[in-house]
Amino acid sequence: MDCLRMVHAGGSSHIGSALSCVDILAVLYGDVMNYRSNHPGWEGRDRFVLSKGHAGVAVYAVLAEVGFFPKKELLSHYKDGSIFSGHVSHKGIPGVELSTGSLGHGLPVAVGMALAAKLDQRENRVFVLIGDGELMEGSNWEAALLSAHQKLDNLVLVIDRNNLQSIDTTEATVALESIERKFRAFNWDVVEVDGHCHESLARIFNASNNEAPLLVIANTIKGKGVSFMENNVAWHYKCPDDDLLKQALAELGCR
Amino acid sequence: MRDALVSALIERAEQDPNIILLTGDLGFGVFEEYAERHPKQFFNVGIGEQNMVGVAAGLALSGKKIVVYSIGNFPTLRCLEQIRNDVCYHDLDVILVCQGGGFNYGGLGMSHHATEDLSIMRAMPGIKVVAPSSRSSAKDAINDLLSEGGPGYLRLEKTNADKWLENHYCLGKANVLVDGDDVAIFAVGGIVSEAVEARKILFEKHGVSCRVIDVFTLKPFDANQVLQAAKEVKGIITIEENNLLGGLYGAVAEILCANNSCVPVVGIGMKDAYTSIVGSQDYLRSYYGIDKVSICNAALGLLAKV
């Protein structure tokens, strides 16, 4: 709901992308990750990297929800002079581990974080969320090779598999399937899950990896929860007006 | 210079367990001793420069100090956005080392000629850009970059020059190798040797007195050396194995322009062009007019107009 309010207030886009993955973030920050919102730099924290930076409102909303900063700051999003940019930025925003926006950056950085944890013999885990279309960026595959080679069993890659990218479906654009077989061939463990089922997500995230990096293919719906946004690629760009915001919030159970 | 890098790194990694060297599968026969002495501080991350710099950023975000090694354009142009977004925007302790600046890999062709790296890296906010001219200054460069922290770009070359001066080179400070009052020659990187030779020819054959300045740090740039030269000599020459756009010539011109200086300047470098032939470094320097002959002609031309 905060995502919707931010996008509406700022006149920004990508609400469909945020609603697609916000359940995953809610589970990670609500039920899975160790962190201290009053001490964002705590060394022992689990890390979360949003690689599909265009869903930045989802990160901002979740971080505010769990107390990294006051919720009222969210509504400056996208406005003149705001630090709450459309694509997620760490500058001045406690809890954001990495600024992203250009696709294909998150996984390599997460691999570095996971490798550092191994070197320092820290127990923390690193979660990184990428869009399905983002898999077309070659840097992901470079990182996928290295993380399996280094047996990074503290690394969890979540793919927000909503099947839609910027213009069309992933399969009509550049077919990705079978994602599972591709990653298994790269020596990753792979599980598939309903990306909106909190219970299933929590169960998978809370289980330890085997001796390999883990890919979680989260089957999601772009624009989840708002009937007129669901599976409609136009909401990669569109911004709800006053009436549509009201309707969307009502559908999400907010009066 | 590469041996100077390795010996400095062996020493520094001994003192600081957070120093980690990443290579993109380059440096055959170079890093064995380092890897043997610091096995947990060395990773060959394979052929994938975008991933390598991203991994460097992730390690640095976790408190490590990273040296990324590759050759030619691979540690810069191949992963430029990772340098910009992941390393520089996050102000991380990552030093990108390029072995083989300019025409160093002369025979290998255009792909391996690094002739825009200085301009492009200089345009990146928040990074230090250093091109040493000798083995000794290369060692100073890596030591200073590690000590100061933050993003750095270090352009190394094969060189016969052991050292030009006894003193320690410091980041941000250009060094006058020889003083003179007719023409000031600003040179960056291994090409400093051509400036030194040109000075000798100009003095012995033409009685021209040249000041030779080893720029060392292209960013942050030692503006004072330029302003001082502008007051004290009749003309300035810059020389770089790099495109004339945005590199040393650009830096010098920007300073002079901002300070309303009227001293004439001649830039020697690649004239907004790619190489299309191969040859030894000396051959290519001569072919593209980035050598002592060009410096002598430029100096005599400048003085003829005064």
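Being a predicted model, the structure only gives us computed values, none of them experimental. (Residues numbered from 1 in each chain as written. Chains lettered and ligands numbered in written order. Predicted model: local features only at pLDDT ≥ 70, side-chain atom pairs only at ≥ 80, totals over all residues.)

**Looking at the pairing of strand S4 (residues 94-99) of chain B**
Residues and elements named next belong to chain B.
At step 1: With 6 of its 6 residues buried, S4 lies for the most part within the structure.
At step 2: Burial of S4 is two-sided: the residues Val94, Leu96 and Cys98 facing one way and the residues Ile95, Val97 and Gln99 facing the other way are all buried.
At step 3: Where strand S3 (residues 65-71) lies against S4, 6 bridges are found, and the strand directions are parallel. When the sheet's bridge partners are listed, Val67 is paired in S4 with Ile95.
At step 4: Handedness of the crossover is the feature at issue here: the chain leaves S3, passes through helix H4 (residues 80-88), returns alongside S4, and the resulting connection is right-handed.
At step 5: Where S4 lies against strand S6 (residues 152-156), 5 bridges are found, and the strand directions are parallel. (Buried ≥ 20, exposed ≤ 12 C-beta atoms within 10 Å, placed from the backbone. Helix = DSSP H or I, 4+ residues; strand = E, 2+ residues; numbered from the N terminus. Pairing = 2+ DSSP bridges. Right-handed = clockwise from strand over helix to strand, strands pointing away.)

**Observations regarding unusual backbone geometry**
At step 1: Of note, the bond from Glu177 of chain A into Ser178 of chain A is cis; its omega dihedral lies within 30 degrees of zero at 0 degrees.
At step 2: Within the secondary structure layout, Ser178 of chain A lies in the loop between helix H6 (170-173) and helix H7 (179-185).
At step 3: Omega for the peptide link from Lys219 of chain B to Pro220 of chain B comes to 0 degrees, which places this bond in the cis form.
At step 4: On the secondary structure map, Pro220 of chain B appears in the loop between strand S10 (217-219) and helix H8 (223-232).

**Digging into the pairing of strand S8 (residues 183-187) of chain B**
Residue and element names in this part refer to chain B.
At step 1: With respect to burial, S8 is a largely interior element, 5 of its 5 residues being buried.
At step 2: Burial along S8 is two-sided: the residues Val183, Ile185 and Ala187 and Ala184 and Phe186 are all buried.
At step 3: Examined bridge by bridge, S8 and strand S9 (residues 210-214) share 5 bridges and lie parallel to one another. Looking at S9, one finds that Phe186 is bridged to Ile213.
At step 4: Once you follow S8 into helix H7 (residues 192-206) and on to S9, the crossover reads as right-handed.
At step 5: Examined bridge by bridge, S8 and strand S11 (residues 235-243) share 5 bridges and lie parallel to one another. Across the sheet, the residue bridging to Val183 is Gly235, located in S11.

Function cannot be inferred from these measures alone, as they are strictly geometric.
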